Amino acid sequence: MAEHPLVGILMGSKSDWSTMQECAKTLRQLEIPFEAHVASAHRTPEKVLDYCKSAEDRGLKVIIAAAGGAAHLAGVCASKTHLPILGVPMKGWATEGMDALLSTAQMPAGIPVATLAIGKAGAINAAILATQIIALSDPATRERLLTFRESQKQKALADDNLELD
């Protein structure tokens, strides 16, 4: 989905796509148009800065930034736009994502990043949170979100039908 994207997904490296495709899948399910790009805060900082500076003019409402290790991507994005930035820490090679979680969550006062869970759960929740933000000003998105939430509820209720020995 790239026609008139409302959400931008940025990943620090292509390897993050294996997790962030869950974010994309959830956005598709909620019918939220998005775009996804690889842009590293350390290896391609100019690309990140240009992307964030032009995001609002291109119609984006939310940026989801996923990175592992030092995980500075979300903070760099937040420093260059007033749009909401949702940070998704990726599992890394040394501390199972705790380094990325702390790097993403420990932003200085005045430059907020909404930090989600590490990995797949964070990717999915970032899509849902982005949808919630968009739903504040879009009644059709609100209705799709409420339908999605009801389906989650019904699935949880159906899962409660266990046969215990």
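Residues numbered from 1 in each chain as written. Predicted model: local features only at pLDDT ≥ 70, side-chain atom pairs only at ≥ 80, totals over all residues. Heavy atoms only, no water.

Draft legend 1. Inspection of the sheet that holds strand β2 (residues 34–38) at higher detail. Strand order across the open sheet formed by five strands is β2-β1-β3-β4-β5, with parallel pairing between neighbours. Two strands in the sheet have a free side with no partner beyond their single neighbour: β2 and β5 (114–115). With five bridges connecting them, strand β3 (residues 62–67) and strand β4 (residues 85–89) associate as parallel partners. Considered in β4, the bridge of A66 is made with V88. Running over the sheet, helix α4 (residues 98–105) touches β3, β4 and β5 and is turned about 160° from β4. (Pairing = 2+ DSSP bridges. Helix = DSSP H or I, 4+ residues; strand = E, 2+ residues; numbered from the N terminus. Contact = heavy atoms within 4.5 Å. Axes fitted to C-alpha atoms, helices over the stretch in contact; angles between N-to-C directions.)

Draft legend 2. Spatial organisation of the pairing of β2. Of the pairings in the sheet, the one linking strand β1 (residues 7–11) to β2 comprises five bridges and is parallel in character. Counted as the bridge partner of I9 is A36 from β2. Running through helix α1 (residues 17–29), the crossover from β1 to the neighbouring parallel element β2 is right-handed. (Right-handed = clockwise from strand over helix to strand, strands pointing away.)

Draft legend 3. A look at the pattern of salt bridges. Counted according to the given criterion, the structure contains three salt bridges. We note a salt bridge from E35 to R58, for which the minimum N-O separation is 2.8 Å. You can see E35 sitting in strand β2 and its partner R58 sitting in the loop between α2 (45–54) and β3, a full 23 residues away along the chain. We note a salt bridge from E143 to R142, for which the minimum N-O separation is 3.2 Å. We classify E143 as partly exposed; its relative accessible area is 44%. (Salt bridge = Lys/Arg side-chain N within 4 Å of Asp/Glu carboxyl O. Buried < 20%, exposed > 50% of the residue type's maximum accessible area, 1.4 Å probe, protein only.)

Draft legend 4. Focus on the environment of A78. By the secondary structure assignment, A78 is in helix α3 (residues 73–80). In sequence terms A78 and L49 are 29 residues apart; their C-alpha atoms lie 10.0 Å from each other. Filtering out sequence-adjacent residues up to four positions away, A78 remains in contact with I85, I111, P112 and V113.

Purely geometric numbers; function is a separate question.
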